[in-house]
Amino acid sequence: MSASLQVRLPEVVELPNLAPGDLDALFHREIQVWEKRFHWDFRPSAELLRRFVQIRSLYGYALVADHEVVGYAYHVCEGRKGLIGDFYVRDDYATAANEMMLLGATVQGLMMVSGVRRIESQLMLLNTAAHQTLPFSHRLARYDRCFMDIRSDAMLPLKPQTPEIKATFFPWSERFSEEIAHLVSAAYRGHVDSEINDQYRTIPGARHFLMNIIRYPGCGTFAPQASMVAVDDHSGRVAAVCLASKVSNTSGHVTQLCTLPAVRGARLGYELLRQTMWRLVEAGCSTISLTVTSSNLGAIRLYESVGFRARSNFPALVWEGF
């Protein structure tokens with residue numbers, strides 16, 4: 001009689017049930033993936049997550065196969081909204097079935113949290129979403145986004161442009177923060193990105209969005225010296241802003257570029273972006289990246305005009321009304 005072989009399928013477990021070191025090997029692999037795909041140093045984020053694991057305060061789910069953690073997704077809750085902060089499955093286990101098992105558990109878990117009525121996520125490391133039916137699709141809105149980047153040598157042909165309105169450019173200062181919150185809310189009113197991130201819809205939400213960019217490592221380390229503000233000389237008010245961060249010692253990331261609706265088309269965006277890019281290069285960046293919603297064709301044309309090129313696509317997902 002031949003012995004039967006038992007293959008243990010992956011299973012989903014809650015993150016607080018893991019031992020403190022169970023995610024370390026997976027974090028190490030994820031760090032390598034972020035560096036290879038995006039020139040992004042994920043180590044600060046991994047270290048922060050590791051601390052939460054140690055005190056059993058990282059909430060979400062892990063995918064476990066043969067007593068080894070091969071994937072995880074964590075989430076946080078902010079009032080009525082749940083955010084999937086990260087999602088990663090090791091390449092050798094990143095099948096559609098495994099990814100959907102983990103994503104489905106994460107979404108279902110958030111749906112069961114008292115008071116949560118909306119879930120947002122931007123899953124840059126999800127491999128199988130392009131033609132895959134996603135969990136709870138009857139509650140789902142999907143918005144494809146594009147990761148773009150440019151190398152510093154491709155910026156050499158860029159020349160300054162004089163905007164069509166008189167404006168003075170300043171590096172970031174805390175004194176601009178309240179006006180920028182108002183600017184962000186006005187710039188994204190009715191915009192597709194306000195469907196992806198509901199913080200854009202209100203001034204308090206925009207304040208919170210800016211605080212996250214400046215204080216937390218999710219989008220890298222905020223680079224105030226490279227973040228530029230355009231002030232309308234006539235009104236004395238902030239008319240446009242370009243915010244940036246360092247995501248590694250040699251890579252920068254444009255986290256936000258927006259202008260007041262009344263001055264769109266005045267070439268403020270181009271000049272702000274150009275100045276931010278050169279300041280990032282002066283800070284040691286050989287690569288600069290950004291993400292943009294695929295349907296935002298005007299923004300994509302601007303980014304392509306200065307030399308950015310699309311490298312990958314990923315989904316932004318919103319579940320609501322459950």
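Structure shown above.
Here the structure is a predicted model, which is why all the values come from computation and not from measurement.

What counts, and at which threshold
In every chain, residue numbers begin from 1 and rise along the written sequence. Thresholds applied to this predicted model are a pLDDT of at least 70 for local features of residues and 80 or more for the giving and counting of side-chain atom pairs; totals over whole chains, interfaces and linings are not thresholded and use all residues. Only hydrogens and water are set aside when side-chain values are computed; all heavy atoms of the structure are taken into account. Secondary structure is summarised from DSSP: a helix means a run of H or I of at least four residues, a strand means a run of E of at least two, and numbering begins at the N terminus for each. One less than the number of residues in a helix, times 1.5 Å, gives the span that helix is expected to have. The cut-offs for exposure are 20% and 50% of the maximum accessible area for each residue type, with area from a 1.4 Å probe on protein chains only; residues under the lower value are buried, those over the upper are exposed, and the others partly exposed. We call two residues in contact when some of their heavy atoms are within 4.5 Å. Within this document, salt bridges are pairs made up of a side-chain nitrogen of Lys or Arg and a carboxyl oxygen of Asp or Glu, the two lying within 4 Å of each other. Here a polar contact is recorded for every N or O atom pair within 3.5 Å, except that within protein the pair must consist of a potential hydrogen donor and a potential acceptor, and residues adjacent in sequence are included only if both atoms are side-chain atoms. Where helices are involved, their axes are fitted lines through C-alpha atoms of the stretch in contact, as for all axes, and angles between N-to-C directions lie from 0 to 180°. Crossings are classed by handedness, with left-handed meaning an anticlockwise turn of the near helix from the far one by less than a right angle and right-handed meaning a clockwise turn. Each residue gets one label: Ala, Val, Leu, Ile, Met, Phe, Trp, Tyr, Cys and Pro are nonpolar, Asp, Glu, Lys and Arg are charged, and the others, such as Gly, are polar.

Let's shift gears to helix H3 (residues 96–111). With 16 residues, H3 extends 22 Å between its outermost C-alpha atoms, agreeing within 8% with the 22 Å of an ideal straight helix rising 1.5 Å per residue. For H3, a buried count of twelve out of 16 residues is recorded, marking the element as mostly surrounded by other parts of the structure. Against the buried residues of H3 lie strand S1 (11–14), strand S2 (59–65), strand S3 (68–78), strand S4 (81–89), strand S5 (118–122) and strand S13 (309–320).

The full count for this structure, using the stated rule, is 22 salt bridges. A salt bridge links Lys81 to Asp198, with the shortest nitrogen-to-oxygen separation between them at 2.6 Å. With Lys81 in strand S4 and Asp198 in the loop between helix H5 (193–196) and helix H6 (203–215), this residue pair connects regions lying 117 residues apart in the sequence. With respect to burial, Lys81 and Asp198 carry one shared label: buried. Between Arg237 and Glu179 there is a salt bridge; the shortest N-O distance is 3.4 Å. With Arg237 in the loop between strand S9 (228–232) and strand S10 (238–248) and Glu179 in helix H4 (residues 177–187), this residue pair connects regions lying 58 residues apart in the sequence. One continuous salt-bridge network, built from bridges that share partners, spans Arg80, Lys81, Arg118, Glu120, Asp198 and Glu320.

Attention shifts here to the environment of Arg56. Topologically, Arg56 is positioned in the loop between helix H2 (43–54) and S2. Placed 137 residues apart in sequence, Arg56 and Asp193 show a C-alpha to C-alpha distance of 33 Å. Apart from the residues within four sequence positions on either side, Arg56 is in contact with Pro16, Asn17, Leu18, Ala19 and Pro20. Here the side chain of Arg56 touches Pro16 through a polar contact of 2.9 Å, landing on its backbone oxygen.

Closest axis-to-axis distance for the H4/H6 pair is 8 Å, and the angle between their directions is 115 degrees. With respect to the hand of their crossing, H4 and H6 are arranged in right-handed fashion. Side by side, H4 and H6 meet where Ser177, Glu178, Ile180, Ala181, His182, Val184 and Ser185 of the first sit next to Ile203, Ala206, Arg207 and Leu210 of the second. Class assignment for the residues of the contact of H4 with H6 results in six nonpolar, three polar and two charged.

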